[in-house]
Amino acid sequence: MSPRIQNRAALLADLPPADRERRALALDAADAALRAADPEPATAAVLARWRDEGWPPAPLQILAVGKAAAAMARACADLPHAGGFVLGDDAEGLQRLPADHPLPHPESPRAAAALRAGLRLPTLVLLSGGGSAMLCDPAEGLDIDDLRHSHGVLLRSGLDVGAINALRAALDGMKGGGLAWLLPPGSRAIVLSDVPGHGPEVVASGPLSPPRPLPPPPPGLRPRVVEHLRRWTPPPP
């Protein structure tokens, strides 16, 4: 198995023996951590357990979203799937839809429309960090420019991830469980968290995890929130 740290030899060159030994130990630890966090084998391990349970059904679609989308999709190469979609880097056999990070792509609403029209079979959702920006669908009364602006403001706000996700879910039809409503029966998800100490509901603003029940917002609240975000300028760091 090849090392994840490709410039190891250069990092160890021209060091005194004692320093070389210490650095080699540190590089071994870093390499082990990178292996443990590799999305492809992590996804493959989950799929192996599911196969023992008789899943997946055939045929199957795949939806990969996030910065690890392509690596997670590689672990599914031998699944009997009928294609699907990727919002992230290119993945063989999947249709790539418009997506960007850290701000939503201007064509994100078109990608959301494609998912609504195209997810017709049991779907394996592969979800990873970065999906908050990559999977977007403006709530009623808003447009993609509103979402792009609000994402930028929230990224600079200093708020914790829970508060940011709650605000995103109020402005975006895919967040806070919105994606789950599109999935046919028999679908499953593998979620790789990039938020230590938190569950899948915080990854990508929880498109598969409904937020805690809240009363419906008053009419016109969302446009007022967006207008406030447009006018607000965060203080300098």
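The structure we're discussing is the one just above.
Just so it is clear, the structure is predicted and the values come from calculations on it, not from any experiment.

1. Looking at the overall build of the protein chain
Looking only at helices and strands, the protein chain has nine helices and five strands in total. Secondary structure of the protein chain in N-to-C order comes out as α-α-α-β-α-β-β-α-β-α-α-α-β-α. Looking at the protein chain residue by residue over its 237 residues, the buried ones come to 41%. A total accessible area of about 12900 Å² is found for the protein chain, and carbon and sulfur atoms account for 58% of it.

2. A word on the pairing of strand β4 (residues 123–127)
Extensive coverage of β4 is indicated by the burial of five of its five residues. A two-sided burial pattern is seen for β4, the buried positions comprising T123, V125 and L127 on one face and L124 and L126 on the other. One ladder, built from five bridges, connects strand β1 (residues 60–65) with β4; its direction is parallel. Opposite Q61, over in β4, you have T123 as the bridge partner.

3. With respect to helix α5 (residues 108–118)
Buried residues of α5: S108, A111, A112, L115 and G118, and no others. All buried residues of α5 fall inside an arc of 140° around its axis, so they share one side. Turned more than 90 degrees off the buried face of α5, the exposed positions are R110 and A117. As for α5, its buried residues are in contact with β1, β2 (81–87), α6 (131–134) and α7 (144–155).

4. With respect to the pairing of β1
The element β1 is largely enclosed, with a buried count of six among its six residues. Burial along β1 is two-sided: the residues L60, I62 and A64 and Q61, L63 and V65 are all buried. In this region the chain leaves β1, passes through helix α4 (residues 69–74) and returns to the parallel neighbour β2; the handedness of that crossover is right-handed.

The rules behind these values
- Residues numbered from 1 in each chain as written.
- Predicted model: local features only at pLDDT ≥ 70, side-chain atom pairs only at ≥ 80, totals over all residues.
- Heavy atoms only, no water.
- Helix = DSSP H or I, 4+ residues; strand = E, 2+ residues; numbered from the N terminus.
- Buried < 20%, exposed > 50% of the residue type's maximum accessible area, 1.4 Å probe, protein only.
- Areas by Shrake-Rupley, 256 points an atom, 1.4 Å probe, with all protein chains shown as cover.
- Pairing = 2+ DSSP bridges.
- Arc of directions from axis to C-beta.
- Contact = heavy atoms within 4.5 Å.
- Right-handed = clockwise from strand over helix to strand, strands pointing away.

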